[in-house]
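These are the residues of each chain, in order.
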Amino acid sequence: MDFTGKTIWITGASSGIGKAVAIELSAYDVKLILSGRNEKALKETERQCTQNGCSAIVLPFDLGNEQSVKNAADYIYKNKIKVDALYQFGGISQRSFVHETPVSVDRKIFEINYFGTIALTKLVLPEMIKNGGGHLAVTSSIVGKFGFPYRSSYSASKQALHGFYESLRAENTKNNIRVSVIIPGRIKTNISVNAVNKDGKTHSKMDEGQDTGMAVEKCAKIICRKLKKEKKEILVGGTEVVMVHIRRFLPRLYYYMASRVNPL
Ligand SMILES: NC(=O)c1ccc[n+]([C@@H]2O[C@H](COP(=O)([O-])OP(=O)(O)OC[C@H]3O[C@@H](n4cnc5c(N)ncnc54)[C@H](OP(=O)(O)O)[C@@H]3O)[C@@H](O)[C@H]2O)c1
């Protein structure tokens, strides 16, 4: 997609990958809609983006609250904003074992990573179709391609996104809807700090694996280059992304590795 002149709605724009992508896109002549819950952090992203010359608005909402998602979409329609692209980065990770995690925590992860994400897409898609097409991007994870210890419902919520967005793509290619699924490995953001633990509280630690991950600015550059090409799958990260290929071509090796890996 040629970004020039386009209106791009970015969720997860208050921190990490979504924020870095917003800043990277702000170098183009784009109009950005910046979403997340933390209004103060979103305003900081807005400040950095507008400094680069693009226009941006802040539209906070909570992916875990259906009414809040609906209110955000209502704002877009009431103000007759034509969304050319919706790039969704909003999400939370998990740090807890299956046997210790109550279903309420599993549901919380799914409400944000899956239901909130698809709810926003469902509100935007009909208008995009009416407008002659658009580009949707959603953020999965390498653990959206295989299971991983300490991430059971996180992995499941991301795997669910693959099924949903592949189906959406198959239904809507005729409507000029292009779909990119972003598959990051380990990127150095606060994702582990913000991850939910068995008590539904934040893990509040920068895990070693996260700390040694790819720099978020480099990740954002790679993502934007591939979004421009409207790649169907965007795999980005360090050597850990090889696990996706190991799972596919050498499953026995994957089973061996997955049961011995340090999940932190
Ligand atoms: N970093 C990695 O290694 C990695 C690897 C694979 C996949 N990912 C995925 O990449 C995406 C971005 O994560 P990140 O690494 O940039 O982590 P991050 O810095 O923690 O950013 C997460 C973003 O999601 C937003 N968010 C979380 N809960 C929300 C809610 N209930 N409603 C609305 N927005 C919410 C946060 O905004 P507020 O706090 O303002 O709500 C924040 O902007 C996530 O989907 C994550 O699963 C990351």
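Digging into a nonpolar patch on the surface
Stage number 1. Taken together, the side chains of Phe249, Leu250, Leu253, Tyr256 and Met257 make up a nonpolar region of the molecular surface, amounting to roughly 490 Å² of accessible area.
Stage number 2. No other element matches helix H10 (residues 251-258), which puts three residues into the nonpolar patch.
Stage number 3. With respect to the helices and strands, the residue Leu253 is situated in helix H10.
Stage number 4. For Leu253, a relative accessible area of 36% puts it in the partly exposed group.

A word on the packing of aromatic side chains
Stage number 1. Applying the stated criterion across every chain, the model contains nine aromatic pairs.
Stage number 2. With centroids separated by 5.0 Å and ring planes inclined at 80°, the aromatic side chains of Tyr114 and Phe115 adopt a geometry described as edge-to-face.
Stage number 3. The class of Tyr114 is buried, set by a relative accessible area of 15%.
Stage number 4. By the ring-pair criterion, three or more aromatic residues cluster together here, those being Phe110, Tyr114, Phe115, Phe164 and Tyr165.

A look at the pairing of strand S4 (residues 85-88)
Across a regular strand the side chains alternate sides, sitting on one face of the sheet and then on the other.
Stage number 1. Burial along S4 is two-sided: the residues Ala85 and Tyr87 and Leu86 and Gln88 are all buried.
Stage number 2. Here strand S1 (residues 7-11) runs beside S4; their pairing, made up of four bridges, is parallel. Each residue of the ladder has a partner; that of Thr11, found in S4, is Gln88.
Stage number 3. Pairing geometry for S4 and strand S5 (residues 134-139), over four bridges, is parallel. Opposite Leu86, over in S5, you have Leu136 as the bridge partner.

Conventions and cut-offs
- Residues numbered from 1 in each chain as written.
- Predicted model: local features only at pLDDT ≥ 70, side-chain atom pairs only at ≥ 80, totals over all residues.
- Heavy atoms only, no water.
- Patch = residues over 30% accessible without salt bridge, like charges linked within 9 Å, V, L, I, M, F, W, Y side chains within 5 Å.
- Areas by Shrake-Rupley, 256 points an atom, 1.4 Å probe, with all protein chains shown as cover.
- Salt bridge = Lys/Arg side-chain N within 4 Å of Asp/Glu carboxyl O.
- Helix = DSSP H or I, 4+ residues; strand = E, 2+ residues; numbered from the N terminus.
- Buried < 20%, exposed > 50% of the residue type's maximum accessible area, 1.4 Å probe, protein only.
- Phe/Tyr/Trp six-rings, centres within 6.5 Å; stacked < 30°, edge-to-face > 60°.
- Pairing = 2+ DSSP bridges.

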